Amino acid sequence: MKTRFEGTPLARLEGENGLHDDGMRRALIDALEPGEIPKARYAVSAHIWVEAVLTDRALLLVKGAVRARVVREPFPLEVVRAPQGARSGVRLRTSLGTKTLWGSELDPNGRQLYARARGEAAPVVATPPAPWETAERSRQATTPSSPPPLPREPKGQTQRLTRKERAEARRRAGKKPRKPRLKKASRDWVGFPPSSTVWDMSYRCVKCGRPLTNPNSQRHRVGTDCIKRYGSQARKIPNPAYTAWSARRAKADVDKIAQQAAYDAEHARALADYAVALDRWQRIRAGEIELPSGR
Ligand SMILES: [Zn+2]
């Protein structure tokens, strides 16, 4: 019976799991350089359609099924975590993000990948010093009396907390502080605006002074005879109700601005407290601060 790797450049992966998809295998074969030898295959985090193959030259990440794409990751790669856990997952910083590679049959404890990622077994390239190391070195060379930078991280990257310590630190740190939100003041409801003008009603004819009883005549401010001679004398005057309403609204506006100023001040205080609390939370989680009450 012919297996899925047999007779292809992937024959060396015989015995590995995964790579069941034709498209992914084809993309991988296309991506191999002449004479490049695949060494092991890994699952990538919990992704179904991403797999990784270690070759004698690089790490190849195969992504997707229908139109599979291969990303070539040259060594050395940044190792976030050495092989660990039941599956001996190696955590690496790749161009697809930080991923845990695991589950190889040919490299069951992940040691091969770990060594290659750190550039150890790479035949040509000696591990170049990391950029921060060179920067540190040159700074020491030029300004020996510079103040010690970075008061944080007294533990350093080498002394990572153990799994148990990390769980303990997480428990002690508790919930992450919530970032305060700025409250928005709103204007109090002062009712719908009344019309700004009203008819000037008159109870006497403005031309002859006779009393007016007809509401229509009162609005025109002239009697039925005078309207024929002089025409309508109707006019509009400012509505006192509207003036009162404007005053109420102006007061509501002032109140709103004052309320917003109070909210702003409250928010600024809360933000400052939040920054302190967040920093403390992060430090506790990183194991830098031991709470007096804890332990
Ligand atoms: Zn009249």
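See the structure printed just above.
Note that this is a predicted model, so its numbers are computed, not measured. (Residues numbered from 1 in each chain as written. Predicted model: local features only at pLDDT ≥ 70, side-chain atom pairs only at ≥ 80, totals over all residues.)

Engineer: What is the right way to look at the overall build of the protein chain in this model?
Structural biologist: When helices and strands are counted, the protein chain shows 7 helices and 9 strands. Of all intrachain contacts in the protein chain linking residues separated by at least 6 positions in sequence, the fraction that spans at least 24 positions is 51%. (Helix = DSSP H or I, 4+ residues; strand = E, 2+ residues; numbered from the N terminus. Contact = placed C-beta atoms within 7 Å.)

Engineer: Can you walk me through the sheet that holds strand β2 (residues 50-55) in this structure?
Structural biologist: Adjacent strands of a sheet pair through backbone hydrogen bonds, lying either parallel or antiparallel. Reading across from one edge, β4-β3-β2-β1-β7-β6-β5 is the order of the 7 strands in this open sheet, with antiparallel pairing throughout. Whereas interior strands pair on both sides, the edge strands pair on one side only; in this sheet they are β4 (69-74) and β5 (78-84). Going across the sheet, the axis of each strand differs from the next one's by a mean of 30 degrees, ignoring polarity. Relative to strand β3 (residues 58-63), β2 runs antiparallel, the two sharing 5 bridges. The partner of L54 across the bridge, within β3, is L59. (Pairing = 2+ DSSP bridges. Axes fitted to C-alpha atoms, helices over the stretch in contact; angles between N-to-C directions.)

Engineer: What's the story with the pairing of β5 in this structure? I'm lost.
Structural biologist: Both faces of the sheet carry side chains from a regular strand, because those side chains alternate between them. Where β5 and strand β6 (residues 89-94) come together, 4 bridges link them in antiparallel fashion. Along β6, the bridge assignment pairs Q84 with G89. Here β5 hands over to β6 after 4 residues, with G85 in that stretch at a positive phi of 85 degrees.

Engineer: For this particular structure, what's the right way to read the nonpolar core?
Structural biologist: Note on soluble globular proteins: their nonpolar side chains tend to be buried together. Ranked by size, the top nonpolar core spans 25 residues in total, and within it Y42, A52, V62, L101 and L113 carry the most contacts. Broken down by secondary-structure element, the contributors of at least two residues to this core are α1 (22-31), β1 (38-44), β2, β3, β6, β7 (97-102) and α2 (111-117). With residues up to four places along the chain from it excluded, the contact list for L101 reads Y42, V44, A52, G89, V90, L92 and L113. (Core = buried A, V, L, I, M, F, W, Y, C linked by C-beta atoms within 7 Å. Buried ≥ 20, exposed ≤ 12 C-beta atoms within 10 Å, placed from the backbone.)

Engineer: Explain the packing of helix α4 (residues 163-173) against helix α7 (residues 240-285) to me, please; I cannot follow it from the model alone.
Structural biologist: To describe two helices that pack against each other, one gives the angle between their axes and the distance between the axes. Relative to each other, α4 and α7 sit at 155 degrees, their axes nearing to 8 Å. With respect to each other, α4 and α7 are oriented roughly antiparallel. Along this stretch, α4 crosses α7, giving a crossing that reads as right-handed. Between α4 and α7, the contacting residues are A169, R170, R172 and A173 on the first element and W281, I284 and R285 on the second. (Parallel < 35°, antiparallel > 145°, perpendicular 65-115°, else oblique. Left-handed = near helix turned anticlockwise from the far one by under 90°.)

Engineer: What exactly am I supposed to notice about α4 here?
Structural biologist: Each α-helix turn comprises 3.6 residues. Residues three or four places apart therefore point the same way. Where burial is concerned, little of α4 is hidden: 1 out of the 11 residues are buried. G174 lies just past α4 and shows a positive phi near 70 degrees.

Engineer: Just to check I follow, could you spell out unusual backbone geometry for this structure?
Structural biologist: Glycine aside, the phi torsion of most residues is negative, and most peptide linkages are trans. Residue P76 is bonded to the preceding F75 through a cis peptide linkage, with omega at 0 degrees. Positionally, P76 belongs in the loop between β4 and β5. The phi dihedral of L19 is positive, around 50 degrees, even though this residue is not glycine. Here L19 is to be found in the segment before α1.

Engineer: Quick question: what am I supposed to make of the pairing of β2 here?
Structural biologist: For β2, the buried fraction is high: 5 of the 6 residues fall into the buried class. Judged from the 5 bridges that link them, β1 and β2 form a sheet pairing that is antiparallel. If you follow P38 over to β2, its bridge partner there is T55. The antiparallel hairpin formed by β1 and β2 contains 5 residues in its connecting segment, where S45 sits at a positive phi of about 45 degrees.

Engineer: Looking at this structure, how should I read the environment of A258?
Structural biologist: Its location among the elements puts A258 in helix α7. Counting along the chain gives 73 residues from A258 to A185, while the straight-line C-alpha distance between them is 8.8 Å.

Limitation: the analysis is restricted to geometry and does not speak to function.
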